[in-house]
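# A structural walkthrough
Chain by chain, the residues:
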Amino acid sequence: MIDLYGLSICSRCGRARVIDKSSKSSSCPYCGNTERTDKMVFIYECRDQETARKALGEAAGFEAPSPKEERAKKRKIEKADPYSTMIYKFENSTDLDEKMQIIAKGLTKIKGTFTIEDVAEIVGDKHAEKYVSAMMDRCYIAEVRPGQYKG
Ligand SMILES: [Zn+2]
């Protein structure tokens, strides 16, 4: 088997690139330096362009995200989602009682216990105190520690 692709360092600018060894010469996409393929030194050789590109990515430190990183990213989005879902429900509810229950349940589920600041983030600073006391009155929440509420 012949290696058709190679990874080489440009003799002028020092950047790595993938070279098709079947062509006689190759010019650098970064500095335009043209070199004869048969005179080039290859730091990596392989049969297919895909593998060569991957090696280039690794050499340049631009490794494609691994499935593990992708999963972590996805988890982060899923983790952020209950909050957006709660905000969405809150904003789309026209009933004040329902709004309070959404906050009480939502914040408890997401944070365990929550503060008046957490409520203010959703309802605004002006209404936070009123919301908290109304939720207390209706037993939607209880003050488990000073300033810490739970649904
Ligand atoms: Zn170059």
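Below: a short report on this structure. (Residues numbered from 1 in each chain as written. Predicted model: local features only at pLDDT ≥ 70, side-chain atom pairs only at ≥ 80, totals over all residues.)

For the rest of this paragraph, the subject is the nonpolar core. Core analysis: the largest hydrophobic core is formed by 14 residues, its most contacted members being M100, I103, A104, V119, Y131 and M135. Sorting the residues of this core by element identifies α3 (96-111), α4 (116-123) and α5 (125-137) as the ones contributing at least two each. The dominant element in this core, judged by the number of residues it contributes, is α3, at 5 residues. Non-local contacts of V119, meaning those with residues more than four positions away in its chain, are made with I103, F114, A128, Y131 and V132. Membership of the second largest hydrophobic core comes to 6 residues, among which are Y5, L7, V18 and L56. (Core = buried A, V, L, I, M, F, W, Y, C linked by C-beta atoms within 7 Å. Buried ≥ 20, exposed ≤ 12 C-beta atoms within 10 Å, placed from the backbone. Helix = DSSP H or I, 4+ residues; strand = E, 2+ residues; numbered from the N terminus. Contact = placed C-beta atoms within 7 Å.)

Moving on: the environment of S93. Its location among the elements puts S93 in the loop between α2 (67-92) and α3. For S93, the contacting residues outside a window of four places in its chain are E98, K99 and I102.

Because each turn of an α-helix spans 3.6 residues, side chains separated by three or four positions in sequence point in the same direction. Along α5, the positions that sit buried rather than exposed are Y131, V132 and M135. The arc that holds the buried residues of α5, viewed along the axis, is 100 degrees, so those residues lie on one side. Among the exposed residues of α5, those pointing more than 90 degrees away from its buried face are K126, K130, S133 and D137. On the buried face of α5, the contacting elements are α3, α4 and β7 (148-150). Positive backbone phi, approximately 60 degrees, marks C139, located one or two places after α5. (Arc of directions from axis to C-beta.)

Apart from glycine, the bulk of residues carry a negative phi angle, and the bulk of peptide bonds sit in the trans form. Even without being a glycine, C139 presents a positive backbone phi close to 60 degrees. Mapped onto the fold, C139 is located in the loop between α5 and β6 (142-145).

Bringing the environment of C10 into the picture now. With respect to the helices, strands and loops of the structure, C10 is situated in the loop between β1 (5-9) and β2 (16-20). Distance from C10 to M40, taken between C-alpha atoms, is 8.7 Å for residues 30 residues apart in sequence. Contact partners of C10, with chain neighbours within four places excluded, come to R15, R17, C28, Y30, C31 and N33.

Let us look at the packing of α4 against α5. One can describe the packing of α4 onto α5 by two numbers: an axis separation of 8 Å at closest approach and a directional angle of 125 degrees. As far as their axial angle goes, α5 and α4 are oblique. As for the relative orientation of α4 and α5, their crossing is right-handed in sense. Counted together, I116, V119, A120 and V123 of α4 and D125, H127, A128, E129, Y131 and V132 of α5 form the full contact between these two elements. In terms of residue class, the contact of α4 with α5 is built from 7 nonpolar, 1 polar and 2 charged. (Axes fitted to C-alpha atoms, helices over the stretch in contact; angles between N-to-C directions. Parallel < 35°, antiparallel > 145°, perpendicular 65-115°, else oblique. Left-handed = near helix turned anticlockwise from the far one by under 90°. Nonpolar A, V, L, I, M, F, W, Y, C, P; charged D, E, K, R; others polar.)

To continue, consider the pairing of β2. In this sheet, β2 lies alongside β1 in antiparallel orientation, the contact comprising 5 bridges. If you follow L7 over to β2, its bridge partner there is V18. (Pairing = 2+ DSSP bridges.)

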